[in-house]
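Given next are the chains, with one letter for each unit.
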Amino acid sequence: MKLLRSYVLYPIGLAIYPVFSVFAANLKEIPASLFVRPLTFFFAISILIYWSIQYKIRDWNRSGFLSALLVVGISFYGVIARESWRIAIIPLGVKKHLLLFPIWLIILTFFGSSLVWKRVKNPGWLTQYLNIVVLITLVIPITQIGYTVLHNIHARNPESSRVEIEKYNLDDSYSPDIYYLIIDGYGRSDVLGEVYNLNNDGMMEFLKSKGFFIAEESHANYLQTTLSLASSLNMKYLTGFPQDSTDRAPLRAMIRDSQVRRMLQEIGYDFVVFYSGYIFTDIRDADVYLSPFLNTVRYTELEGLLLLNSIAVILIDMGFIENPLSGFEAQRIRIEYPFETLINIPTYNSPKFIFAHIGAPHPPFVFQANGKPTDMKNPAYLAGMDGSDFPGTREEYIHAYREQLQYINTLLIRTINGILENSSNPPIIILQSDHGPGAYYNSNSAQDTCTKERAGILNAYYFPDNDYETLYESISPVNSFRVIFNTLFETNYMLLDDNTYYSTLDFPYEFVDVTKSRSESCGKP
């Protein structure tokens, strides 16, 4: 107790509280490795603020109180602003901050004034009280983080993410370039027609004219990106995970250090990866890592959330700072960059395995059919939430998805033409979606999800000799590389059943077999 009365600790606690709080609320999506930098930054800033004020006024207790007010003013303004607009205390509009910010400044100035401080009879006891209150407040997110981490360590089966399938030594006498292009959320043609009233025959005819085999009855094995890619890149279903685990770290490890990657690198393939903007497919230890943002400062997901909660939201809303959670323009760049760059990839040293996870036509919807920006300006749309978590209406989703997909088709046609024309030796191309679109997808309920829409995916293959005898109409991603390795590298993998599994966002390993329901109509009005 003497420590809490003798030292001014609460300004530091207030400064680091947002880091713990935001991290605790996003444990499913934000890796622990992104936690250290903002924690160190906020800790250092609170110390700097405190000592700067103390140097001026030479009063430990008041310096602590003033620095705490300044920390609150900077770190929590965005939260106050968002809640004020949500409950309509402050009217929306372009100049909303012109009303709220002066009010916020007046309140902080009043509490920091000498008039208020003179009423503090015992500054030492005030410091002790605030130290205790802030410490108790910090305990809540720290406990939540600790419980989740310990639970996942206890629940995690160390064998669950280890590849269990038989490993073959690939025949390296024939080593064509291999492109694995994941077009996130791209639906199968019949689904696009039924749910989105979109005739996609033109795109399918283009692929066929280039010699592609299209699996017209293909389904995703899982309905979430991380699960789908962890499965396809390791050529197996995800078994052995405790159902009550919320830990996605093993999935990230399986995607980053996959069976397919290791087998191809062992016979001399370079691993080429594009920046995706999605932490689980952002594989920076690749032999070649390509990003349009390599020479610019980019925020992590955690830092972006902290900025939106802070006074920086004023500059973000005014357009002086790009939205740190992938602003609309940054998202457009992120989508177009792989398409533009893939055309030149054939000139890189061969053989190479190219992995590009492109986050469209999946939300956020940033393109119209003609490639021009959409008129969506609400930052809530940038979260990229799908299905029941989409911030707009189902009708808005369907319209915006249809528009963005048509522009993605334009980019795809240009890119496929470029890859084939610029390749001195014909490559292997897998053009595949991790899952289908999500107008009728519910992230918390299999019963409320139209499996046909969510599981119906684009799945197309280009082989150099156009010999597709080993492919079949209903092939799913878990068998894609099994077929490719068997056909081109003389392995002998058995093909697995092409099943589909649903799980919620909160419990990704609590799988429900929805194979039988994936042919049922969405029953849209």
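From a predicted model like this one, the values you see are computed outputs, not experimental measurements.

(A) Broad picture of the sheet that holds strand β2 (residues 213–214). Strand order in this open sheet of seven strands is β2-β7-β6-β1-β5-β3-β4, and the pairing throughout is mixed. Sheet topology places β2 and β4 (288–290) at the edges, where each strand pairs with a single neighbour. In the sheet, strand β3 (residues 270–274) pairs with β4 via three bridges, with the strands oriented parallel. Residue F274 lies in a different strand from β4, and its bridge partner there is L290.

(B) Geometry of the pattern of salt bridges. Summed over all chains, the structure comprises eight salt bridges. We note a salt bridge from D177 to K352, for which the minimum N-O separation is 2.7 Å. Separated by 175 residues along the polypeptide, D177 in the loop between α8 (123–155) and β1 (178–183) and K352 in strand β5 (residues 352–358) bring together distant segments of the chain. A relative accessible area of 9% means that D177 is categorised as buried. Classification of K352 by relative accessible area gives buried; the value is 1%. Put simply, E194 and K452 hold a salt bridge, and the shortest N to O gap is 2.7 Å.

(C) Highlighting the environment of S84. Within the fold, S84 resides in helix α5 (residues 77–86). With a relative accessible area of 9%, S84 lands in the buried category. Spatially, the C-alpha atom of S84 lies 8.7 Å from that of L100, the residues being 16 residues apart in sequence.

(D) Quick look at the side chain of T225. Structurally, the position occupied by T225 is in helix α11 (residues 225–232). Side chain to side chain, T225 and H435 meet in a polar contact 3.3 Å long. Discounting chain neighbours no more than four positions away, the residues touching T225 are D184, Y278, H357, D434 and H435.

(E) Up close: the environment of L192. Checked against the element boundaries, L192 lands in helix α9 (residues 189–196). Note on L192: relative accessible area 0%, which makes it buried. In sequence terms L192 and G456 are 264 residues apart; their C-alpha atoms lie 9.2 Å from each other. Beyond its immediate stretch of four places on either side in the chain, L192 contacts Y186, G187, N197, L198, N200, Y401 and L405.

(F) Summary view of the pairing of β3. Burial runs high along β3: four of the five residues are buried. Here β3 runs beside β5; their pairing, made up of four bridges, is parallel. Paired with V272 across the strands is I354, a residue of β5.

(G) Structural context of helix α6 (residues 96–112). For α6, spanning 17 residues, the distance from its first C-alpha to its last is 25 Å, which sits close to the expected 24 Å at 1.5 Å a residue. Those residues of α6 that fall on the buried side of the exposure criterion are K96, H97, L100, W104, L108 and G112. All buried residues of α6 project into a common sector of 100° when viewed along the axis, lining one side. For α6, the exposed residues set more than 90 degrees away from the buried face come down to L98 and I106.

(H) Quick look at the side chain of T226. As for its position among the elements, T226 is in helix α11. Judged by its relative accessible area of 1%, T226 falls in the buried class. Engagement of the side chain of T226 in a polar contact is seen with the side chain of R248, the distance being 2.9 Å. Each residue touching T226, except ones within four places of it in the same chain, is listed here: R248, L251, I255, Y278 and F280.

(I) Examining the pairing of β5 more closely. Most of β5 is tucked away, with seven of its seven residues classed as buried. Here β5 shows no split at all, with K352, I354, A356 and I358 on one side and F353, F355 and H357 on the other all buried. Alignment of β1 against β5, held across six bridges, turns out to be parallel. Across the sheet, Y180 pairs through a bridge with F355, a residue of β5.

So, how was this worked out
Residues numbered from 1 in each chain as written. Predicted model: local features only at pLDDT ≥ 70, side-chain atom pairs only at ≥ 80, totals over all residues. Heavy atoms only, no water. Pairing = 2+ DSSP bridges. Helix = DSSP H or I, 4+ residues; strand = E, 2+ residues; numbered from the N terminus. Salt bridge = Lys/Arg side-chain N within 4 Å of Asp/Glu carboxyl O. Buried < 20%, exposed > 50% of the residue type's maximum accessible area, 1.4 Å probe, protein only. Polar contact = N/O pair within 3.5 Å; in protein donor to acceptor, adjacent residues only side chain to side chain. Contact = heavy atoms within 4.5 Å. Expected span 1.5 Å × (residues − 1). Arc of directions from axis to C-beta.

Shape descriptors only; they carry no functional weight alone.
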